[in-house]
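# Structural characterization, general
So the chains spell out like this:
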Amino acid sequence: VYIPAGTFHMGGYDVRAAPDEFPAHEVTLSAYWMDQLEVTNAMYALCVNAGTCDLPQSLESQRRTDYFSNPEFKDYPVVYVTWGDANAYCEWADRRLPTEAEWERAARGDDLRTFPWGEDKPDYRFANFNFIVRDTSRVGGYPLGASPFGVLDMAGNVAEWTSDFYKSNFYSASDSINPIASTSGNFFRVVRGGSLGDAEINI
């Protein structure tokens, strides 16, 4: 999905936002591309078979003992993939991980919405969260939860890696144009979007 250059409001506007989501501020980004769907087991398996990517750390999912290699779940998101594995996959596929700012704009658009789909309270129509399904869902299975740019599954299902290292004061100290939290400095990378086990406040 093509995300055009533009300016959006990054950060927490919801009263339940975490301290590291403040202050909300304007950020300008160059144009970029974002995969519409989460990386599937089948897509990641191509990289494994090519000898570039390692197998996931577990071949199971939340409740399925036969998941990664089972054709029944080829269109489900790959799980138990480290940041290094995700980065290796992106390089192999001639892609890259998004920055945290790029991920947030792709998810929320430019109109200050709280969730990718808008302001409606999260429920089973929009996302797989809070163990509603009790395991992963097929990618793209929640079209009503699409972001303003048409990117799917940006809330719930599986959390998504970004390229940034975590920095607690990033929102107060970041550049206003194409910001990157940090290229080094700690062991924690930023994940966004929440997972199937996260409650409403964490997606």
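The structure under discussion appears in the preceding block.
The following refers to the structure shown. (Residues numbered from 1 in each chain as written. Predicted model: local features only at pLDDT ≥ 70, side-chain atom pairs only at ≥ 80, totals over all residues. Heavy atoms only, no water.)

### Quick word on the pairing of strand E3 (residues 25-29)
On E3, burial follows the alternation: His25, Val27 and Leu29 on one face are buried, whereas Glu26 and Thr28 on the facing-out side are not. Summarising the sheet, strand E2 (residues 6-10) and E3 pair through five bridges and their orientation is antiparallel. Bridging from a neighbouring strand, Gly6 pairs with Leu29 of E3. (Buried < 20%, exposed > 50% of the residue type's maximum accessible area, 1.4 Å probe, protein only. Helix = DSSP H or I, 4+ residues; strand = E, 2+ residues; numbered from the N terminus. Pairing = 2+ DSSP bridges.)

### Examining unusual backbone geometry
A cis amide bond links Phe22 with the next residue in sequence, Pro23, at an omega value of -5°. With respect to the secondary-structure elements, Pro23 resides in the loop between E2 and E3. Even without a glycine there, the phi angle at Asp94 is positive, about 60°. Tracing the sequence through the fold places Asp94 in the loop between helix H2 (83-92) and helix H3 (100-108). When its relative accessible area of 72% is taken as the criterion, Asp94 is described as exposed. Despite not being glycine, Leu112 has its phi angle at roughly 70°, a positive value. Within the element layout of this structure, Leu112 appears in the loop between H3 and strand E5 (160-165). A relative accessible area of 39% places Leu112 in the partly exposed class.

### Some thoughts on the packing of aromatic side chains
Applying the stated criterion across every chain, the model contains nine aromatic pairs. A ring pair is formed by Phe115 and Trp117, whose centres lie 5.1 Å apart and whose planes are at 5°; its orientation type is stacked. Geometrically, the ring pair formed by Trp117 and Phe126 is stacked, given 4.8 Å between the ring centres and 5° between the ring planes. The pair Trp117 / Phe126 is uniform in exposure class, with both members buried. (Phe/Tyr/Trp six-rings, centres within 6.5 Å; stacked < 30°, edge-to-face > 60°.)

### Overview of the side chain of Arg64
With respect to the element layout, Arg64 can be found in the loop between helix H1 (41-49) and H2. At 3.2 Å, the side chain of Arg64 forms a polar contact with the side chain of Asp135. Residue contacts for Arg64: discarding those within four places in its chain leaves Phe73, Tyr76, Asp135 and Thr136. (Polar contact = N/O pair within 3.5 Å; in protein donor to acceptor, adjacent residues only side chain to side chain. Contact = heavy atoms within 4.5 Å.)

### Brief notes about H3
Counting buried residues in H3 gives nine out of nine residues, a clear majority hidden from the surface. All of the buried residues along H3 are Glu100, Ala101, Glu102, Trp103, Glu104, Arg105, Ala106, Ala107 and Arg108. Looking one or two residues past H3, Gly109 carries a phi angle of roughly 70°, positive in sign.

### Considerations on the environment of Asp135
Looking at where Asp135 falls in the secondary structure, it is placed in the loop between H3 and E5. In contact with Asp135, other than residues within four places in its own chain, are Ser61, Gln62, Arg63, Arg64, Asn128 and Leu196. A polar contact is formed between the side chain of Asp135 and the backbone nitrogen of Arg63, at a distance of 2.8 Å.

### A word on the pattern of salt bridges
This model, assessed by the stated rule, comprises 14 salt bridges. Among the ionic pairs, Arg138 bridges to Asp75, the shortest N-O distance being 3.6 Å. Residue Arg138 is found in the loop between H3 and E5, and its partner Asp75 is found in the loop between H1 and H2; the two are separated by 63 residues along the sequence. According to the relative accessible area criterion, Arg138 is partly exposed, its value standing at 41%. (Salt bridge = Lys/Arg side-chain N within 4 Å of Asp/Glu carboxyl O.)

### Side note on the packing of H1 against H2
Relative to each other, H1 and H2 sit at 80°, their axes nearing to 10 Å. Of the possible angle classes, the one that applies to H1 and H2 is roughly perpendicular. Here H1 contributes Met43, Tyr44, Leu46 and Cys47 to the contact with H2, which in turn contributes Asp85, Tyr89 and Trp92. (Axes fitted to C-alpha atoms, helices over the stretch in contact; angles between N-to-C directions. Parallel < 35°, antiparallel > 145°, perpendicular 65-115°, else oblique.)

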